[in-house]
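# Chains, contacts and geometry: an overview
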Amino acid sequence: DGFGLRQVRQACYCKVWSEMAGNKTKTVLRPLVAAHAMLVTGHRDFKPFSLSLSFMDIIDGMYSTVPTLISFGVMVGKMAPVQNVVLVFMNVLAYAFNYWVCIYVIGAFDGTGGSTITHMFGAFFGAACTAVATPKGAENDPDCCGRYQSDIFSLFGSLMIWAYYPSYNSFYAPSNAQQAVAINTYLALLGSSVSGLLASAIFTGDIKLSIFDAQRSSIAGGVAIGSVANLTAEPWEAIVIGAVGGIACSWAGHYMRVFCVGRLKVHDTVGVMSMHGWPGLIGWIAGVIKLVPLNLDYLTGDRQSKNLAYILPWENILQHQKGNGDAAIAQAVIAPMTIAIALVTGLVAGAVSKKVTHLDIELLFKDDTFFHIPDDFQKANHDDDHHRADGDVEEGQEVGFVNGGKAGELAV
């Protein structure tokens with residue numbers, strides 16, 4: 001997730017290390033979180049010695065690390081490593097509790113991509129945590145912004161996520177629907193990529209594209225289609241859902257992010273709410289709408305075979321199968337429930353982590369707070385041959401970033 005997000009100017013060591021350790025190579029951090037998650041999610045009926053250990057429980061444990069990584073994106077650069085440990089363990093516990101309430105108690109279905117119980121939960125948990133644990137004025141730090149190189153590099157991560165998102169959404173789908181879910185996710189990603197960039201050109205005010213939107217809105221469609229909608233959506237519906245998710249992502253990045261910082265004093269470092277929170281909300285709404293027409297004819301297969309080229313085993317998908325709108329009601333309840341649990345547990349996690357330790361404001365977004373860095377870290381030598389040929393830089397002259405300037409602004 002993090003390679004698709006802009007890195008902060010001086011915290012690229014921390015960001016890259018965290019993503020390599022916690023997400024992409026599955027080394028160091030993620031196995032620990034996954035093991036903790038597997039133990040938590042596998043203990044489902046709260047009876048002594050009833051822990052379930054199976055292949056699916058291992059997958060559940062790996063998927064349970066996703067909301068942790070989402071929450072981490074809100075607070076990257078603003079928390080000490082020991083605070084992140086507190087966040088990890090409390091996030092997984094809270095996620096498992098919310099999962100149990102929404103899926104096993106309420107009886108909803110959000111398992112194919114988890115628009116609500118995964119993406120929305122991670123976003124709101126991180127927002128609540130940072131509201132308590134982040135020092136005031138963090139958003140004004142000159143290092144709290146991207147730079148040209150990291151913005152370009154992050155597009156590679158967006159491309160990776162874009163390519164692999166269909167497999168992420170389709171794993172929990174029934175076997176006879178996995179191909180359709182993957183295709184629907186692909187179409188939703190197409191829709192969000194186009195609509196998000198169009199919205200970006202409009203919201204920037206000068207008909208220019210924003211790299212911030214390109215990194216996020218291209219993925220927002222996968223989040224928006226990730227609920228039960230990808231099981232039953234027809235191709236055009238998948239494109240529309242993805243397009244709405246892309247627009248919501250771009251709109252939230254330009255307007256809601258400013259509102260949250262200015263009015264609510266909640267600073268989101270990498271724009272998690274715009275990429276996961278609002279598209280997740282679109283996915284929840286789409287899921288409710290798609291479950292409304294589920295009557296007995298649809299559930300028994302007559303109407304389903306007329307609309308879909310495959311038969312869904314509803315008895316294995318939905319716990320509410322009366323055909324009187326009960327499935328849609330259960331789906332409608334899980335978003336308010338998820339937001340409430342995420343906000344409460346996030347506030348608690350933020351308060352606990354702040355009691356453990358906290359960073360002074362002058363140490364935020366700095367790599368040298370926790371890492372040994374090269375002496376020339378803040379200066380970057382350009383291609384000598386290229387610049388000497390153009391007469392731009394003389395022998396031995398260095399070019400570096402201006403700490404207070406815009407991303408990519410140079411000082412010679």
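Residues numbered from 1 in each chain as written. Predicted model: local features only at pLDDT ≥ 70, side-chain atom pairs only at ≥ 80, totals over all residues. Heavy atoms only, no water.

### Focus: the overall build of the protein
Tallying secondary structure elements over the protein gives 17 helices and three strands in all. Within the span of the protein, comprising 412 residues, buried residues form 54% of the whole. In the structure as shown, the protein presents an accessible area of about 18400 Å², 65% of it carried by carbon and sulfur atoms. (Helix = DSSP H or I, 4+ residues; strand = E, 2+ residues; numbered from the N terminus. Buried < 20%, exposed > 50% of the residue type's maximum accessible area, 1.4 Å probe, protein only. Areas by Shrake-Rupley, 256 points an atom, 1.4 Å probe, with all protein chains shown as cover.)

### Thoughts on the pattern of salt bridges
Scanning the model with the defined rule gives one salt bridge in all. The salt bridge involving lysine 290 is made with glutamate 237; its shortest N-O contact spans 2.9 Å. Taken together, the residues lysine 290 in helix α12 (residues 272–291) and glutamate 237 in helix α11 (residues 235–262) connect sequence positions 53 residues apart. Taking relative accessible area as the criterion, lysine 290 reaches 18% and is therefore assigned buried. (Salt bridge = Lys/Arg side-chain N within 4 Å of Asp/Glu carboxyl O.)

### Comments concerning the packing of aromatic side chains
Under the defined criterion, the tally for this structure stands at 13 aromatic pairs. Ring plane angle 10° and centroid distance 4.8 Å describe the contact between tyrosine 63 and tyrosine 168, whose orientation is recorded as stacked. Separated by 105 residues along the polypeptide, tyrosine 63 in helix α3 (residues 55–63) and tyrosine 168 in helix α7 (residues 148–170) bring together distant segments of the chain. Look at tyrosine 63 and you get buried, because its relative accessible area is 16%. (Phe/Tyr/Trp six-rings, centres within 6.5 Å; stacked < 30°, edge-to-face > 60°.)

### Comments concerning the nonpolar core
Core analysis: the largest hydrophobic core is formed by 49 residues, its most contacted members being Phe121, Phe125 and Tyr165. If you tally residues by element for this core, the top one is helix α6 (residues 115–133), at nine residues. With near-sequence residues (within four places) excluded, phenylalanine 121 lies in contact with Pro67, Asn91, Ala94, Tyr95, Asn98, Thr116, Thr338, Ile341, Ala342 and Thr345. Within the second largest apolar cluster, 19 residues are counted, among which are Val228, Leu299, Ile317 and Ala327. (Core = buried A, V, L, I, M, F, W, Y, C linked by side-chain atoms within 4.5 Å. Contact = heavy atoms within 4.5 Å.)

### Side note on the side chain of serine 192
Here serine 192 is to be found in helix α8 (residues 178–203). We classify serine 192 as buried; its relative accessible area is 0%. Separated by 3.1 Å, the side chain of serine 192 and the backbone oxygen of leucine 189 make a polar contact. The contact partners of serine 192, leaving out residues within four places of it in the chain, are Leu197, Ser217, Ser218, Ile219, Ala220, Gly221, Gly242, Ala243 and Gly246. (Polar contact = N/O pair within 3.5 Å; in protein donor to acceptor, adjacent residues only side chain to side chain.)

### Topic: the packing of α7 against helix α9 (residues 211–224)
The contact between α7 and α9 brings their axes to 9 Å, and the two run at 5°. It follows from the interaxial angle that α7 and α9 lie roughly parallel. Here Asp151, Ser154, Leu155, Ser158, Ile161, Trp162, Tyr165 and Asn169 of α7 come into contact with α9, specifically with Ile211, Ala214, Gln215, Ser218, Ile219, Gly222 and Val223. Split by residue class, the contact of α7 with α9 holds eight nonpolar, six polar and one charged. (Axes fitted to C-alpha atoms, helices over the stretch in contact; angles between N-to-C directions. Parallel < 35°, antiparallel > 145°, perpendicular 65-115°, else oblique. Nonpolar A, V, L, I, M, F, W, Y, C, P; charged D, E, K, R; others polar.)

### Looking at the side chain of asparagine 230
Here asparagine 230 is to be found in helix α10 (residues 229–232). For asparagine 230, a relative accessible area of 0% corresponds to the buried category. In this structure the side chain of asparagine 230 is engaged in a polar contact, spanning 3.0 Å, whose partner is the side chain of threonine 112. Dropping the residues within four chain positions of it, asparagine 230 is found in contact with Thr112, Asn169, Val181, Asn184 and Ile225.

### Notes on unusual backbone geometry
Residue isoleucine 207 is not a glycine yet carries a positive backbone phi of 60°. Within the fold, isoleucine 207 resides in the loop between α8 and α9. Residue isoleucine 207 is classed as exposed on the basis of its relative accessible area, which comes to 67%. Of note in the backbone geometry, lysine 265 takes a positive phi value of approximately 60° without being a glycine. Residue placement: lysine 265 occurs in the loop between α11 and α12.

### Details of a positive patch on the surface
There is a patch of like positive charges on the surface, built from Lys136, Lys265, Lys354 and Lys355. Within the fold, lysine 136 resides in the loop between α6 and α7. Judged by its relative accessible area of 59%, lysine 136 is exposed. (Patch = residues over 30% accessible without salt bridge, like charges linked within 9 Å, V, L, I, M, F, W, Y side chains within 5 Å. Lys, Arg positive; Asp, Glu negative; His and termini not counted. Charge placed at Lys NZ, Arg CZ, Asp CG, Glu CD.)

### Quick look at a nonpolar patch on the surface
A contiguous nonpolar patch, built from Val82, Val344, Val348, Val352 and Val356 and spanning about 370 Å² of accessible area, is present on the exposed surface. Among the elements that take part in the nonpolar patch, helix α16 (residues 326–356) stands out by supplying four residues, more than any other. You can see valine 348 is positioned in helix α16.

### Focus on α8
End to end, α8 covers 36 Å across 26 residues, agreeing with the expected 38 Å (1.5 Å per residue, within 8%). Phi turns positive one or two residues past the end of α8, at glycine 205, with a value near 90°. (Expected span 1.5 Å × (residues − 1).)

### Topic: helix α4 (residues 65–75)
Buried residues dominate α4, accounting for 11 of its 11 residues. All buried positions along α4 are accounted for by Thr65, Val66, Pro67, Thr68, Leu69, Ile70, Ser71, Phe72, Gly73, Val74 and Met75. Glycine 77 sits one or two residues past α4 and shows a positive phi near 85°.

### Examining the environment of alanine 229
Note that alanine 229 resides in helix α10. Between the alpha carbons of alanine 229 and asparagine 184 there is a distance of 9.1 Å; along the sequence they are 45 residues apart. Residues in contact with alanine 229, not counting those within four places in the same chain, are Ile241, Ala286, Gly287 and Lys290.

### A look at the confidence of the model for the protein
The predicted coordinates of low-pLDDT regions are not to be read in fine detail. The pLDDT averaged across the protein works out to 77; a share of 76% of its residues lies at or above 70. With pLDDT under 50 throughout, residues 1–7 is counted as low confidence; its partners more than four residues away or in other chains account for 43 contacts. (pLDDT = per-residue confidence, 0-100.)

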